[in-house]
Amino acid sequence: MKIINDSELLHIIHNTLNEIDERLIDHGFRVAYLLREMMIQDGSYSEEEIRDMSMVAILHDIGAYKTDEIDAMLGFESRHIWKHAVYGYLFLKYLSPLKQLSSVVLYHHVPFQDYGLYDIPYPKLTQMLHLVDHCDLYLIRKEKFPDDFHDRLSTEEYDPELTALLKKTVQKSNVVEVITHEHHENRLMEELHFNEQEILQYISLISYSIDFQSKHMVAHTITTTSISKTLGTLLKLSDIQIQKLMYGALLHDIGKVATPVSILEKPGRLTASEMKIMREHVTHSIHILKGTMDNEIVQIAVRHHEKLNGKGYPYGLSEKDLTLEQRILAVADIFSALSGKRSYKEAFDKQQMMHILYQMADEGAIDSTIVDICHEHFHTIMENIETDCIPLLSTYHHIEYEYEHILQVIGKKG
Ligand SMILES: [Fe+2]
Ligand SMILES: [Fe+2]
Ligand SMILES: [Fe+2]
Ligand SMILES: [Fe+2]
């Protein structure tokens, strides 16, 4: 049984992307819908290729939260905006099932006349994405999609053959009407299907790419998930409960997609007003997750800052409201923060960590039975963290290295 189904996955992706910047609301989904219709009109692509390109299009600006390029994108300035494209490419290459097509994202702002400068593996699909991305800017800027837009498009920027294909697509289908309609994303959601492994990969892609915003957060989600899993097993939860706990842990800080990087990265302690903004990540998580899937998973994810003594947030719930899974994640989240290096502190050793956890248990904030298990099985928990984190940390270092490298190579070309 799938714990998260196809349309639930797409809703989570949809809502997460929409929290990044309000000007980009639904951008990826509209672009994907247009691109999909063009591929169908073209007639030479398999169903699988169309599905995978739909996902590439949905996620094509996933690197944008890392940079300040959104302003440039919206101003029809499509050249020289590489940073989000490079991050998006690397996220898809290393963290998603779309590795093969990831280069489409890397080159999605390259004008047609510059295609000779690069070795572009899928030139036609890359141009298609470039073209439909441009079309959607009309809708973002709330301008009417011009009937004669195809005559206005420059042949230096866009491949005339694809402009003709777009024209045919728009004339033969009601695509423009659909994407301007309020719930157009549902149409796309009905068409896309995934296996369980792919669903887990896409959820992880979203969570890990958010952690990659800040070098202090890089391994936080995976560490928290690893600890939750170990604790859930030690507490003899059923397989299905462990699965739900794991998804709750993977999604617990998803609202940080809307937290400014300056706050996530701030060296030293946060001021009261910065702390308020930081705490809002839970409210953003609620926006993203509410109603998207199994409510048990949503509640595990969004209650990780609640405390047994009622002093947590956002609701100030208390002991009687909080389930074992929710309590486990609350402890795992703190354990993860204590065991890692943060902008304001070094990693703590066992004695310091257990001291803090027992202090919190004594104050009635977290569950003392779970803290006892952390104490008793400290080394197992730490070993599992290490095993689970090593591959992701190495991916992060690859991404950081390749990011600099690609920008340098492109800089030389430009
Ligand atoms: Fe872009
Ligand atoms: Fe875009
Ligand atoms: Fe959190
Ligand atoms: Fe967290």
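- Going by what an unreviewed UniProt entry lists, the protein chain is known as HD domain-containing protein and is assigned to Amedibacillus hominis.

**With respect to the coordination of the iron ion (ligand 1)**
And then number 1: Ligation of the iron ion (ligand 1) by protein atoms is provided by Asp61 (OD), His84 (NE2), His108 (NE2) and His109 (NE2), these donors lying 2.2 to 2.3 Å from the ion.
And then number 2: Around the iron ion (ligand 1), the four donor atoms are arranged such that angles at the metal cover 82 to 172 degrees; this shape is classified as irregular.
And then number 3: For the iron ion (ligand 1), the donor residues sit on a single chain with the sequence spacing D-x22-H-x23-H-H.
And then number 4: A spacing of 3.6 Å is found between the iron ion (ligand 1) and the iron ion (ligand 2), which share Asp61 as a donor.
And then number 5: With relative accessibility at 0%, the residue His108 sits in the buried group.
And then number 6: Judged by relative accessible area, His109 falls into the buried class, the value being 9%.

**Topic: the state of the cysteines**
And then number 1: In this structure the tally under the stated criterion is zero disulfides.
And then number 2: Looking at the unpaired Cys374, the closest cysteine sulfur is the one in Cys389, lying at 16 Å.
And then number 3: Owing to a relative accessible area of 0%, Cys374 belongs among the buried residues under this scheme.

**A closer look at the packing of helix H17 (residues 281-289) against helix H18 (residues 295-302)**
And then number 1: In the contact formed by H17 and H18, the axes pass within 10 Å of each other and the chain directions differ by 165 degrees. Taken together, the axes of H17 and H18 are roughly antiparallel relative to one another. When the axes of H17 and H18 are compared, the crossing they make is right-handed. Side by side, H17 and H18 meet where Val282, Ser285, Ile286 and Leu289 of the first sit next to Val298, Ala301 and Val302 of the second.
And then number 2: Among the residues making up the contact of H17 with H18, the classes are represented as six nonpolar, one polar and no charged.

**A few points about the coordination of the iron ion (ligand 2)**
And then number 1: Around the iron ion (ligand 2), the protein supplies His27 (NE2), His60 (NE2), Asp61 (OD) and Asp133 (OD) as donor atoms, at distances of 2.1 to 2.3 Å.
And then number 2: Each donor residue of the iron ion (ligand 2) lies on one chain, and together they are spaced H-x32-H-D-x71-D.
And then number 3: By relative accessible area, which is 6% here, Asp133 ends up buried.

**Focus: the domain arrangement of the protein chain**
And then number 1: Along its sequence, the protein chain is carved into domain 1 (6-194) and domain 2 (212-398).
And then number 2: Centre-to-centre separation of domain 1 and domain 2, based on C-alpha positions: 35 Å.
And then number 3: Between domain 1 and domain 2, the contact holds twelve residues from the first and 17 residues from the second.
And then number 4: At the boundary of domain 1 with domain 2, total buried surface from both sides reaches about 1,300 Å², with 69% on carbon and sulfur atoms.
And then number 5: Considering only the side of domain 1, the residues that lose the most area to domain 2 are Ile12, Glu19 and Tyr65, jointly responsible for 41% of the buried surface there.
And then number 6: Where domain 1 touches domain 2, the interface holds zero salt bridges.
And then number 7: Applying the counting criterion to the domain 1 and domain 2 interface returns two residue pairs in polar contact (both at pLDDT 80 or more).
And then number 8: Among the secondary structure elements, those contributing two or more residues to the side of domain 1 that touches domain 2 are helix H1 (6-20) and helix H5 (83-95).
And then number 9: The leading source of residues in the side of domain 1 that touches domain 2 is H1, at seven residues.
And then number 10: When its residues are assigned to classes, the side of domain 1 that touches domain 2 shows six nonpolar, three polar and three charged.

Here is what the cut-offs are and how they apply
- Residues numbered from 1 in each chain as written.
- Chains lettered and ligands numbered in written order.
- Predicted model: local features only at pLDDT ≥ 70, side-chain atom pairs only at ≥ 80, totals over all residues.
- Heavy atoms only, no water.
- Donors = N, O, S within 2.8 Å, 3.2 Å for Na, K, Ca; no water.
- Tetrahedral: all angles 85-135°; square planar, octahedral: opposite > 155°, others 65-115°.
- Buried < 20%, exposed > 50% of the residue type's maximum accessible area, 1.4 Å probe, protein only.
- Disulfide = S-S within 2.5 Å.
- Axes fitted to C-alpha atoms, helices over the stretch in contact; angles between N-to-C directions.
- Helix = DSSP H or I, 4+ residues; strand = E, 2+ residues; numbered from the N terminus.
- Parallel < 35°, antiparallel > 145°, perpendicular 65-115°, else oblique.
- Left-handed = near helix turned anticlockwise from the far one by under 90°.
- Contact = heavy atoms within 4.5 Å.
- Nonpolar A, V, L, I, M, F, W, Y, C, P; charged D, E, K, R; others polar.
- Domains from an automatic or database assignment.
- Buried area = accessible area lost by both parts, 1.4 Å probe.
- Salt bridge = Lys/Arg side-chain N within 4 Å of Asp/Glu carboxyl O.
- Polar contact = N/O pair within 3.5 Å; in protein donor to acceptor, adjacent residues only side chain to side chain.

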